[in-house]
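Close look at the chain arrangement
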Amino acid sequence: MSKRKSKDAPLPVGDCITKVQTILRERLCQQKPPRSLEGLEAQHKHLLELLRRTAAHGESNSVLLVGPRGSGKTMLLKSVLRDLLREAEVQKTLLQVHLNGLLQTDDRIALKEITRQLNLENVVGDKVFGSFAETLAFLLEALKKGDRSSSRPVLFVLDEFDLFAHHKNQTLLYNLFDVSQSAQAPIAVVGLTCRLDVLELLEKRVKSRFSHRQIHLLSSLTFPQYLHQVRSQLTLPDDFPDARFGQDWNDSVQGLCEDSSVEEVLRRHFHSSKDFRSMQMLLMFCLGRVSVKNPAVRPVDLLEASRLCFSDAKANMLHGLSILELCLIIAMKHLNDVYEGEPFNLQMVHNEFKKFLQRKSSSMYHFEQPVIMKAFEHLQQLELIRPADSSSSKTQREYQLMRLMLDPSQIMEALQKYPQCPTDVQQWAMSAFG
């Protein structure tokens, strides 16, 4: 009896919060695929059918997943692989090789990685091959079963596919597509890219071996679907250790999504970016504010998270500048207003700053030329200003033409929040001309 009681006893709130953080962070950070993909059902069905034909029937295929960053390409692939590997036969035979264009920067490195992921380092040993094609053929031959009539299906996933197109002679792509087209071994090549013009990057011989099958992920989410996605991302599973706490949490999430102020914030995010990644980032900020004192996500948490997501990085950078650097930025703003966005140099900025100093009897803003030069260089390092063209690097530093990379509204916003900003500097910034 006591055992049953202890099993059904509710967990302490602190333990429940830790468990919630673990479950939701795993879901939001590690991109654990959700149970159902909102708005991607057709693409999921198409890709699953394609990979099943390779895994179960030994049919070779090649396909590209094309869509902007954060549109759910990786999530779609993970979801398809999860569903595919539920089949016992597929789980037993399918091999996977995951390559990334940012990591495997040339074909030699890619080939080493393929060998490592297929666990064939011992088979290759010290053998010397004449070409890339020979090596790949040997690797695929080594995967054949004991009767040497059928080979195990291999799935090649090429993330940042467009970067592989910049490899010398596109040898890796040529050989993979050649194997998939000539049915030497059952392989499926899945490329993930955010470039719509990716086929234009392929050489003619590579393009002719590609199936030209593309799956586009152009977000067609409606706002109700987006809202449902937010709800499902925050909802705890039914098997949560403390059923009472789990039910209370899910009820609070339901109430949160029905709140009018929350709906307004989510609508703003939906209209600025529909991608999954920005949504997960917003929810991560909310999750960071959950504690024992606040054991649920409140509307105020979402509003604060939204403010963090929409905060202007450059405007925030201005808060850390010295008064001199801020004065130089204001002088550049006035030059932009007078000359309608034409580039300027340090000498022009200094002259504009001198005009301001002449109106002030105070000596607190008087700086030596080298100090002003150093402040100007610091602004360039922060990328708040940049050279107008590459040829200006040959000219003397004082006369190099620069452009301001800030909007007047960003400067004014930063001045409002700048700690203890002198009144005369604020007035100078707000005056129509310097």
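Described below are features of the structure shown in this document. (Residues numbered from 1 in each chain as written. Predicted model: local features only at pLDDT ≥ 70, side-chain atom pairs only at ≥ 80, totals over all residues. Heavy atoms only, no water.)

1. Digging into the overall build of the chain
Note the threshold: Helix and strand definitions here come from DSSP, where helices need a minimum of 4 consecutive H or I residues and strands a minimum of 2 consecutive E residues; each element is numbered from the N-terminal end. Radius of gyration here is computed from C-alpha atoms only, and the compact-globule reference equals 2.2 Å multiplied by the residue count raised to the power 0.38. Buried, partly exposed and exposed residues are distinguished by accessible area as a fraction of the type maximum, computed with a 1.4 Å probe on protein chains only: under 20%, between the cut-offs, and over 50%, respectively. Two residues qualify as a contact provided that any one of their heavy atoms is within 4.5 Å of a heavy atom in the partner residue. Calculation of accessible area relied on Shrake-Rupley with a 1.4 Å probe; when residues are assessed, cover is drawn exclusively from the protein chains displayed. Lys and Arg are tallied as positive, Asp and Glu as negative. Neither His nor the chain termini are counted. The atom standing in for a charge is NZ when the residue is Lys, CZ when it is Arg, CG when it is Asp and CD when it is Glu.
For the chain, the helix and strand inventory stands at 22 helices and 7 strands. Taking 22 Å as the expected radius of gyration for a compact globule of 434 residues, we find that the chain reaches 29 Å, considerably beyond that expectation. Counting only residues that meet the buried cut, the chain has 45% of its 434 residues in that class. Across the chain, the fraction of contacts at a sequence separation of at least 24, relative to all contacts at a separation of at least 6, is 74%. Surface summary for the chain: the accessible area is close to 23000 Å², and the carbon and sulfur share equals 52%. Each charge class in the chain was averaged separately, 55 positive and 51 negative side chains, and the resulting centres sit 3 Å apart.

2. Here we look at the pairing of strand β3 (residues 154-159)
The test is simple: Only when DSSP finds a minimum of two bridges between them are two strands counted as paired.
Counting buried positions over the 6 residues of β3 gives 5, a clear majority of the element. In this sheet, β3 lies alongside strand β2 (residues 95-100) in parallel orientation, the contact comprising 6 bridges. The residue bridging Leu95 from the neighbouring strand is Val154, located in β3. Of the pairings in the sheet, the one linking β3 to strand β4 (residues 187-193) comprises 6 bridges and is parallel in character. In the sheet register, Phe156 faces β4, and the bridge partner there is Val189.

3. Concerning the nonpolar core
Stated precisely, the cut-off is as follows: Side-chain atoms within 4.5 Å link the members of a nonpolar core, which is a set of buried Ala, Val, Leu, Ile, Met, Phe, Trp, Tyr and Cys residues.
In terms of nonpolar packing, the biggest core is built from 57 residues, with Leu47, Leu51, Leu65, Leu77, Trp249 and Leu266 touching the most fellow members. Here this core gets 7 residues from one element, more than from any other, and that element is helix α15 (residues 276-287). With residues up to four places along the chain from it excluded, the contact list for Leu77 reads Leu47, Leu51, Leu65, Val157, Val190 and Leu192.

4. Side note on the packing of helix α8 (residues 132-142) against helix α10 (residues 171-182)
Selection rule: Only the stretch in contact is used when a helix axis is fitted, and all axes are lines through C-alpha atoms; the angle between N-to-C directions ranges over 0 to 180 degrees. Just so you know how the angles are binned, under 35 degrees is roughly parallel, over 145 roughly antiparallel, 65 to 115 roughly perpendicular, and the rest oblique. Here is the rule for handedness: rotate from the far helix to the near one, and if that takes an anticlockwise turn smaller than a right angle the crossing is left-handed, while a clockwise turn gives right-handed. Only Asp, Glu, Lys and Arg are considered charged in this grouping, and only Ala, Val, Leu, Ile, Met, Phe, Trp, Tyr, Cys and Pro are considered nonpolar; every other residue, Gly among them, is considered polar.
It is at 10 Å that the axes of α8 and α10 come closest, and there the two elements cross at 45°. Accordingly, the angle class assigned to the pair α8 and α10 is oblique. Crossing geometry of α8 relative to α10 is assigned as right-handed. Residue-level contacts link Phe132, Ala133, Leu136 and Leu140 of α8 to Thr171, Leu172, Asn175, Leu176 and Val179 of α10. Across the contact of α8 with α10, the residue classes break down as 7 nonpolar, 2 polar and no charged.

5. Some points on the pattern of salt bridges
So the rule is basically this: By convention in these notes, a salt bridge is any Lys or Arg side-chain nitrogen within 4 Å of a carboxyl oxygen on Asp or Glu.
Within the structure shown, the criterion is met by 18 salt bridges. As a salt-bridge pair, Arg53 and Glu59 come within 2.9 Å of each other at their nearest N and O atoms. For Arg53, a relative accessible area of 23% corresponds to the partly exposed category. Taken together, the shared-partner salt bridges in this structure form one network comprising Glu49, Arg52 and Glu87.

6. Focus on the environment of Ala183
For Ala183, the position within the fold is in the loop between α10 and β4. Each C-alpha atom, one on Ala183 and one on Glu59, is 7.6 Å from the other, the two residues being 124 residues apart in sequence.

7. Here we look at helix α16 (residues 299-310)
Let me state the cut-off plainly: Here, expected helix span is obtained from the residue count minus one, scaled by 1.5 Å.
With 12 residues, α16 ought to run about 16 Å at 1.5 Å a step, and its terminal C-alpha atoms sit 17 Å apart, in line with that. Each element contacted by the buried residues of α16 is listed here: α14 (260-272) and α15.

8. Points about the sheet that holds β3
The 5 strands lie next to each other as β2-β3-β4-β1-β5, forming an open sheet whose pairing is parallel. At either margin of the open sheet sits one strand with a lone partner, and together these are β2 and β5 (214-216). For this sheet, the mean angle separating the axes of adjacent strands, direction not counted, is 15°. Of the strands in this sheet, β1 (61-66), β2, β3 and β4 are in contact with α10, which crosses β4 at around 135°.

9. Things to note about a nonpolar patch on the surface
The condition is simple: Each patch is assembled from residues with relative accessible area greater than 30% and no salt bridge, linking like charges that lie within 9 Å and nonpolar side chains (Val, Leu, Ile, Met, Phe, Trp, Tyr) that lie within 5 Å.
On the surface, a nonpolar cluster with roughly 260 Å² of combined accessible area is contributed by Met281, Phe285 and Leu308. Relative to the helices and strands, Phe285 resides in helix α15.

10. With respect to the pairing of β4
Among the 7 residues in β4, 7 count as buried, and that is most of the element. Going residue by residue along β4, you find Ile187, Val189, Gly191 and Thr193 tucked away on one face and Ala188, Val190 and Leu192 tucked away on the opposite face as well.

11. Section: the packing of aromatic side chains
Our working rule: Only Phe, Tyr and Trp rings take part, Trp by its six-membered ring, and two of them pair if their centres are within 6.5 Å. Stacked means planes under 30 degrees apart, edge-to-face means over 60, and tilted covers everything else. For a Lys NZ or an Arg CZ to count as sitting over a ring, it must be within 6 Å of the ring centre and within 35 degrees of the ring normal.
Considering all chains together, one arrives at 9 aromatic pairs under this definition. When the centroid spacing of 4.3 Å and the interplanar angle of 10° are considered together, the rings of Phe356 and Trp428 count as stacked. Remark: Trp428 occurs in helix α22 (residues 423-430) and Phe356 occurs in helix α19 (residues 346-358); sequence separation between them is 72 residues. Following the ring pairs from residue to residue traces out a cluster consisting of Phe161, Phe177 and Phe210. Across from the ring centre of Phe223, 4.1 Å away, lies the NZ or CZ of Arg267, which sits over that ring.

These results come straight from atomic positions and should not be treated as a statement about function.
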